[in-house]
Structure formats: structure tokens, C-alpha cells
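# Observations on chain architecture
Given next are the chains, with one letter for each unit.
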Amino acid sequence: MPIRWYGPANPEDPTYRHFARIVNLCLHGGAFAAINSGLWFVQGLRHPWSHLDWFTGTWAVLLVVHLAVVVGLRPQPEPQRPS
């Protein structure tokens, strides 16, 4: 099921900005998975690349930092009004 935003695109809305950060994190994770799996596959077919483990590790750390930023900037839930 694809993720969607229902409603008007309002960059001032904290929920909309958080949704945009989540989408960017998903794109970052997808690029990480696609590029790194391709590089490791090509390395297995051809000669080893001695720095691929460092490249993958550095990118994985950046991905975790991106995740921490997304979680850290999530909007606070609105307090419920008593009925």
C-alpha cells in the first residue's frame, strides 16, 4: 500500500513536514539498499573492492543519523480536549 498525503499540501503544517521527512527517509533507505546491494553483487562477480565495507558502514551511519533526525523532529501530539 503506497503512502499518501490526503489533504492540501501546506508546508506550514507540522504533520505535513514530518510526512515529507518520512518520505525522504524512505527514499534514502531505498537508495542505500539498491546501490549497496548492487555494489556488493558486482564485487562478488569481479575483483574485491577493499573500501566497500567502509563505504557501506559510513552510509549506514548516515542513514541512522537521518532516522534519528526524523524521529527527533516529529511533531508533538495535540492535547485532547475534555468532552
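Before any of the text, the structure's been laid out above.
Okay, so let's go over this structure.

Cut-offs and rules
Residues numbered from 1 in each chain as written. Predicted model: local features only at pLDDT ≥ 70, side-chain atom pairs only at ≥ 80, totals over all residues. Heavy atoms only, no water. Helix = DSSP H or I, 4+ residues; strand = E, 2+ residues; numbered from the N terminus. Rg over C-alpha atoms; globule rule 2.2 N^0.38 Å. Buried < 20%, exposed > 50% of the residue type's maximum accessible area, 1.4 Å probe, protein only. Contact = heavy atoms within 4.5 Å. Areas by Shrake-Rupley, 256 points an atom, 1.4 Å probe, with all protein chains shown as cover. Lys, Arg positive; Asp, Glu negative; His and termini not counted. Charge placed at Lys NZ, Arg CZ, Asp CG, Glu CD. Phe/Tyr/Trp six-rings, centres within 6.5 Å; stacked < 30°, edge-to-face > 60°. Expected span 1.5 Å × (residues − 1). Arc of directions from axis to C-beta. Core = buried A, V, L, I, M, F, W, Y, C linked by side-chain atoms within 4.5 Å.

### Points about the overall build of the chain
A count of helical and extended segments in the chain gives 2 helices and 0 strands. Taken against the 2.2 N^0.38 rule, which gives 12 Å for 83 residues, the C-alpha radius of gyration of the chain at 18 Å runs more than 25% over that of a compact globule. Referenced to the eigenvectors of the C-alpha coordinate spread, the extents of the chain come out at roughly 65 × 25 × 20 Å. Of all 83 residues assigned to the chain, the portion counted as buried reaches 13%. Put simply, 55% of the contacts in the chain that link residues at least 6 apart link residues at least 24 apart. Element-wise, carbon and sulfur atoms account for 68% of the exposed surface of the chain, whose accessible area totals about 7000 Å². Within the chain, one finds 6 positive and 4 negative side-chain charges whose respective centroids are separated by 5 Å.

### Quick notes on the packing of aromatic side chains
Applying the stated criterion across every chain yields a total of 3 aromatic pairs. Seen in terms of ring centroids, Phe55 and Trp59 are 5.7 Å apart; in terms of plane orientation they differ by 70 degrees. Their pairing is edge-to-face. Of the two residues, Phe55 and Trp59 both sit in helix α2 (residues 52-72), 4 residues apart, roughly one turn of that helix. Taking relative accessible area as the criterion, Phe55 reaches 34% and is therefore assigned partly exposed. Members of the aromatic cluster, joined through ring pairs, are Phe32, Trp49, Phe55 and Trp59.

### Let's talk about α2
For α2, with 21 residues, the first-to-last C-alpha span of 30 Å sits near the 30 Å given by 1.5 Å per residue. Leu52, Thr56, Trp59, Leu63 and Val70 are the residues of α2 that are buried. Along the axis of α2, the buried positions cluster into a sector of 70 degrees, meaning they face one direction only. Summarising the geometry of α2, the exposed residues directed more than 90 degrees from the buried face are Trp54, Val61, Val64 and Gly72. The inward-facing, buried residues of α2 abut α1 (14-45).

### Quick look at the nonpolar core
Counting residues in each nonpolar core, the largest one holds 5 residues, listed as Leu25, Phe32, Trp59, Leu63 and Val70. For this core, the secondary structure elements donating two or more residues are α1 and α2. For this core, the element with the highest residue contribution is α2, accounting for 3 residues. When neighbours within four sequence positions are excluded, Val70 is seen to be in contact with His18, Arg21, Ile22 and Leu25.

### Considering the environment of Arg74
Mapped onto the elements, Arg74 comes out in the segment after α2. A C-alpha to C-alpha distance of 38 Å links Arg74 and Gln43, two positions 31 residues apart in sequence. The residues contacting Arg74, other than those within four sequence positions of it, are His18 and Arg21.

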